[in-house]
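Summary of the model geometry
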Amino acid sequence: MNSTNDSLKLAAAQRAAAYIEPRLSRESIVGVGTGSTVNFFIDELANLKHLFDAAVSSSEASTDRLLACGINVVSLNASPRLDVYVDGADEITSERNMIKGGGAALTREKIVAAAADEFVCIADISKRVDRLGGFPLPVEVIPMARSLVARHLVDLGGKPIWREQTVTDNGNWILDVHDLVISDPAEMESRINNLAGVVCNGIFAQQAADIAFLGGPDGLVTI
């Protein structure tokens, strides 16, 4: 990752930290996503750890980083509601629908997003698109169903490719679906999730972001 993109991600992460700061209390639980932009946010969150109780993490990698920053991490089962969830995106539209899962944490990310009162997306401006689908759609599948699900995804117009050597934190596999036309994100999200053997797919329309901060060369863009 080049230094320019890193600076844009950092700007988005800093804006998100400033946005959530006045919303925090000693009883607050902060949901934290996964990825390179979120890593910047975790570093910023460390400066606010005296203002909230704990974090819920969407991946083992983020949990390790949160703990290294001295932030208490609890399970979602121990905290049935979250004040806010902050995560990145591989693509995001002006309606704040997203594709996520480039880091293979999509299922846990979607679960934590569903538990939060507010979903804040952070990314660099290159992730903004007019229509989802340029980024291959990750689909988490039960390993024995990989070929079955792949055939159904071909029927939907996509070209699924098995992300070999990748095992999710849930012990499952990832299919990356190329060239899929996603004209109705919510409908496509439901159709794929209804396929036998699918655990979750990376369309976030039912759990769309409430607000997004995108770092750009001319400053932050807020959606």
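Residues numbered from 1 in each chain as written. Predicted model: local features only at pLDDT ≥ 70, side-chain atom pairs only at ≥ 80, totals over all residues. Heavy atoms only, no water.

1. Brief notes about the layout of surface pockets
In this structure, the largest pocket spans a volume of roughly 250 Å³. Forming the boundary of the largest pocket are 21 residues, of which Thr34, Gly35, Ser36, Ala89 and Asp90 lie nearest the centre. For the lining of the largest pocket, the secondary-structure elements that each account for two or more residues are α1 (3-20) and α2 (36-45). A per-element tally of the lining of the largest pocket places α2 first, with three residues. Class assignment for the residues of the lining of the largest pocket results in five nonpolar, nine polar and seven charged. Considering only enclosed or pocket space, the second largest pocket measures out at about 160 Å³ in volume. Along the wall of the second largest pocket there are 13 residues; nearest its centre are Val56, Ser57, Leu76, Arg108 and Val112. Counting residues per element, the lining of the second largest pocket draws most heavily on helix α4 (residues 106-115), which supplies three residues. Here the lining of the second largest pocket is composed, by residue class, of six nonpolar, five polar and two charged. (1 Å grid on protein atoms, 1.4 Å probe; cavity = no way out; pocket = protein on both sides within 12 Å on 5 of 7 lines; lining within 4 Å. Points joined across faces, edges and corners; volume = space filled by probe spheres on them. Helix = DSSP H or I, 4+ residues; strand = E, 2+ residues; numbered from the N terminus. Nonpolar A, V, L, I, M, F, W, Y, C, P; charged D, E, K, R; others polar.)

2. Observations concerning helix α5 (residues 146-155)
Those residues of α5 that fall on the buried side of the exposure criterion are Val149, Ala150 and Leu153. One side of α5 carries all its buried residues, which in axial view fall inside an arc of 105 degrees. For α5, the exposed residues set more than 90 degrees away from the buried face come down to Arg151 and Asp155. Contact partners of the buried residues in α5: β7 (137-141), β8 (159-162), β9 (173-178), α6 (185-193) and β10 (198-201). Note on α5: the residue one or two positions beyond its end, Gly157, has a positive phi of about 100 degrees. (Buried < 20%, exposed > 50% of the residue type's maximum accessible area, 1.4 Å probe, protein only. Arc of directions from axis to C-beta. Contact = heavy atoms within 4.5 Å.)

Nothing here speaks to function; it is geometry throughout.
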